[in-house]
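Coordinates in review
If you want the building blocks of each chain, they are given just below.
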Amino acid sequence: MPSIRTFQIRDAFRDYADISTWGAPYAVTLTLRQKRIAHDDRGRQFEVRLTPDRASQNFRHFLKLLNAQMFGKAATRFGRCVNVIPILEGGDGKRLHYHAVINCPCDDLRDQFHAAIFSCWSKTDWGYWEHDVQPGADAGWIDYISKTRDKPVFADAIDWANCHMPIDRRV
């Protein structure tokens, strides 16, 4: 049973994660490979297991690819990026996966946004083929991704390193 403090953090997060002003928020679920085979300098194979830190690093790489595809050189030159709220869920025997809200930055890109997300996710080292991208994310999606179930420590599940909100929402 989660503590009262966990519920307080969850409620504060839900208040903070107001996406009602976003133009085209998408509800996104991205799954991760739980292990992969790597090779050392001598050509020997070894197994690398997924950790929350590796998952966060993988999501950061995904965002770098997505921002480059959406904004071109402006992504690196001027720091343009999509608005995103990512939550890492799973662990304790359940497959690690991300639930996120990602805002499509431009109306002309809405038809291509699902394909762009999948294309960029599949280019990452840990990206798994199972994914779900749905337009029209709302407060109900925020409630779902901020559930306390399937998160060993709720406060650690919010991937603040990869969270990007519009400047007017930052306090």
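Here's what I pulled together on the structure shown here. Keep in mind that this is a model prediction, so the values were computed, not measured. Every residue gets a number counted from 1 within its own chain, in the order that chain's sequence is written. Residues qualify for local features only when their pLDDT is at least 70, as the model is predicted, and side-chain atom pairs are given and counted only at 80 or more; totals for whole chains, interfaces and linings, by contrast, use all residues. Excluding hydrogens and water, the side-chain values take into account all heavy atoms of the structure.

**Overview of the overall build of the protein**
When helices and strands are tallied, the protein shows 6 helices and 6 strands. Only DSSP runs of H or I covering at least 4 residues are called helices, and only runs of E covering at least 2 are called strands; the numbering of each starts at the N terminus. The secondary structure elements of the protein, listed N-terminal to C-terminal, are α-β-β-β-α-α-β-β-α-β-α-α. For a compact globule the rule gives 2.2 Å times the number of residues to the power 0.38, and the radius of gyration it is set against comes from C-alpha atoms. For a compact globule of 171 residues, the expected C-alpha radius of gyration is about 16 Å, and the protein comes in at 17 Å, within 12% of that figure. C-alpha atoms of the protein, sized along the principal axes, occupy 55 × 45 × 25 Å. Note on classification: 1.4 Å probe, protein chains only; a residue is buried when its accessible area is under 20% of the maximum for its type, exposed when over 50%, partly exposed between these limits. Here the protein holds 171 residues, and the buried ones make up 43% of them. For this analysis, residues touch if any pair of their heavy atoms sits within 4.5 Å. Excluding contacts between residues fewer than 6 apart, the proportion of contacts in the protein whose partners are at least 24 apart in sequence is 72%. Here the positive residues are Lys and Arg and the negative ones are Asp and Glu; neither His nor the chain ends is included. Charge coordinates come from a single atom per side chain, which is NZ of Lys, CZ of Arg, CG of Asp or CD of Glu. Put simply, the protein has 24 plus and 21 minus side-chain charges, and the middle of one group is 6 Å from the middle of the other.

**What to know about the pairing of strand β5 (residues 94-103)**
Look at any regular strand and the pattern is simple: side chains alternate between the two faces of the sheet. Within β5, 8 of the 10 residues are buried, which leaves the element mostly enclosed by the surrounding structure. At least two DSSP bridges between two strands are needed for those strands to be called paired. Looking at chain direction, strand β1 (residues 25-32) and β5 are connected through 7 bridges and run antiparallel. Each residue of the ladder has a partner; that of Thr29, found in β5, is His99. For strand β4 (residues 84-91) and β5, the ladder comprises 7 bridges, and the chain directions are antiparallel.

**Observations concerning the pattern of salt bridges**
For this analysis, a salt bridge means a side-chain nitrogen from Lys or Arg found within 4 Å of a carboxyl oxygen belonging to Asp or Glu. According to the stated counting rule, one finds 11 salt bridges in the structure shown. Ionic pairing is found between Glu47 and Lys35, a salt bridge with its closest N-O pair at 3.5 Å. Residue Glu47 is located in strand β3 (residues 45-49), and its partner Lys35 is located in strand β2 (residues 35-39); the two are separated by 12 residues in the primary sequence. Look at Lys35 and you get partly exposed, because its relative accessible area is 43%. Notably, a salt bridge pairs Lys151 with Glu89, separated by 2.8 Å at the nearest N-O pair. On the criterion of sequence distance, the pair formed by Lys151 in the loop between α5 (139-145) and α6 (154-157) and Glu89 in strand β4 is long-range, its members being 62 residues apart. Taken together, the shared-partner salt bridges in this structure form one network comprising Lys35, Glu47 and Arg49.

**So, the nonpolar core**
In terms of nonpolar packing, the biggest core is built from 33 residues, with Leu32, Phe59, Phe62, Leu66, Ile102 and Ile117 touching the most fellow members. When contributions to this core are tallied by element, the ones reaching two or more residues are β1, α2 (52-71), α3 (74-77), β4, β5 and α4 (110-122). In terms of residue count, the dominant contributor to this core is α2 (7 residues). Aside from chain neighbours lying at most four places away, what touches Leu66 is Val82, Ile102, Ala116, Ile117 and Cys120. Nonpolar core, defined: a set of buried Ala, Val, Leu, Ile, Met, Phe, Trp, Tyr and Cys residues in which side-chain atoms within 4.5 Å join the residues together. One finds Trp22, Ile85, Phe154 and Ala157 within the second-largest nonpolar core, a separate group that totals 17 residues.

**Some thoughts on the packing of aromatic side chains**
When the centres of two rings from Phe, Tyr and Trp lie within 6.5 Å, Trp using its six-membered ring, the rings pair. Their planes under 30 degrees apart give stacked, over 60 give edge-to-face, and anything left gives tilted. Overall, the coordinates contain 9 aromatic pairs when judged by the stated rule. Considering the side-chain rings of Phe13 and Trp160, the 6.2 Å spacing of their centres and the 75° angle between planes classify their relative orientation as edge-to-face. Here the residue Phe13 occupies a position in helix α1 (residues 4-16), and Trp160 occupies one in the segment after α6, the gap between them amounting to 147 residues. In this structure Trp160 comes out as partly exposed when scored by relative accessible area, which is 46%.

**Here we look at the side chain of Glu89**
Glu89 gets classed as buried once you look at its relative accessible area, which sits at 1%. Here a polar contact is taken to be a pair of N or O atoms separated by no more than 3.5 Å, where protein atoms must pair a possible hydrogen donor with a possible acceptor and residues adjacent in sequence count only if both atoms sit in side chains. Here the side chain of Glu89 touches His99 through a polar contact of 3.5 Å, side chain to side chain.

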